[in-house]
Amino acid sequence: MDAEILAQSAGTTVVALMATDAWQRTREGVVALWHRVRPVQAEEVDTALGETREEILTARQSGDADSVHDLERDWRRRLRRLLAADPEAARELEELLAEARASLPPEERPPAASVRLEAHASGNARVYQAGRDQYNGRASRDD
């Protein structure tokens, strides 16, 4: 999976798992991953995960969707930087999150990342699709 898509999904999933029975194991796995890739930050990340969990539980209880989205965005950013530092960590992160999802009852599982693109063209039509940024090689013109 593309690192950017994984970071997006993982940030959301990590935050979603904070309110489940799978949280402690997920937390340990995330901290272990950080310890391997960026050991100096591992303790800080462990503390941040605990603080975020408290915030997410409060935000969900009060129905504060904006705070939930802010927390997800924060963890997406952190995970994006971790994966940029070590692209090999992507496989470990995917496995960790898949195990955490699988340990929960189906109704409690956060959604897994997926990108589905579909297009139908006919005649001389062109279709350009991308799961993320797209560059078609043409310079823009001011007409």
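Residues numbered from 1 in each chain as written. Predicted model: local features only at pLDDT ≥ 70, side-chain atom pairs only at ≥ 80, totals over all residues. Heavy atoms only, no water.

Considering the overall build of the chain
Reasoning step 1: Along the chain, the regular secondary structure elements total 5 helices and 0 strands.
Reasoning step 2: Residues classed as buried in the chain amount to 35% of the 143 residues present.
Reasoning step 3: By sequence separation, contacts in the chain at least 24 residues apart represent 68% of the contacts at least 6 residues apart.
Reasoning step 4: When the accessible surface of the chain is split by element, carbon and sulfur atoms take 45% of a total near 9400 Å². (Helix = DSSP H or I, 4+ residues; strand = E, 2+ residues; numbered from the N terminus. Buried < 20%, exposed > 50% of the residue type's maximum accessible area, 1.4 Å probe, protein only. Contact = heavy atoms within 4.5 Å. Areas by Shrake-Rupley, 256 points an atom, 1.4 Å probe, with all protein chains shown as cover.)

Some remarks on the nonpolar core
Reasoning step 1: Val 14, Trp 34, Leu 49, Trp 75 and Leu 93 are the most contacted members of the largest nonpolar core, which has 33 residues in total.
Reasoning step 2: If you list the elements that add at least two residues to this core, you get helix H1 (3-17), helix H2 (23-37), helix H3 (42-62), helix H4 (65-85) and helix H5 (89-102).
Reasoning step 3: In contact with Trp 34, not counting residues within four places along its chain, are Pro 39, Gln 41, Ala 42, Val 45, Trp 75, Arg 78, Leu 79 and Leu 82. (Core = buried A, V, L, I, M, F, W, Y, C linked by side-chain atoms within 4.5 Å.)

Points about the side chain of Thr 52
Reasoning step 1: Relative to the elements of secondary structure, Thr 52 occurs in helix H3.
Reasoning step 2: Accessibility expressed as a relative area gives 4% for Thr 52, which makes it buried.
Reasoning step 3: Among the polar contacts listed, one links the side chain of Thr 52 to the side chain of Trp 75, at a separation of 3.0 Å.
Reasoning step 4: What Thr 52 contacts, discounting residues up to four positions off in sequence, is Met 18, Leu 71 and Trp 75. (Polar contact = N/O pair within 3.5 Å; in protein donor to acceptor, adjacent residues only side chain to side chain.)

Let's talk about the packing of aromatic side chains
Reasoning step 1: Enumeration according to the criterion identifies 1 aromatic pair in this entry.
Reasoning step 2: Taking 6.2 Å as the distance between ring centres and 90 degrees as the angle between the ring planes, the aromatic pair formed by Trp 34 and Trp 75 counts as edge-to-face. Linking Trp 34 in helix H2 with Trp 75 in helix H4, this pair joins segments that are 41 residues apart in sequence. The pair Trp 34 / Trp 75 is uniform in exposure class, with both members buried. (Phe/Tyr/Trp six-rings, centres within 6.5 Å; stacked < 30°, edge-to-face > 60°.)

Let's talk about H4
Reasoning step 1: In this model H4 runs 30 Å from its N-terminal to its C-terminal C-alpha over 21 residues, within 8% of the 30 Å that 1.5 Å per residue would give.
Reasoning step 2: Here H4 has its buried residues at Val 68, Leu 71, Glu 72, Asp 74, Trp 75, Arg 76, Arg 78, Leu 79, Leu 82 and Leu 83.
Reasoning step 3: Residues of H4 that are buried in the fold lie against H1, H2, H3 and H5. (Expected span 1.5 Å × (residues − 1).)

Regarding the confidence of the model for the chain
Reasoning step 1: Looking at the chain, pLDDT values average 83 and 84% of them are 70 or higher.
Reasoning step 2: Here H1 stands out as the least confident element of the chain, with mean pLDDT 80; H3 is the most confident, with 94. (pLDDT = per-residue confidence, 0-100.)

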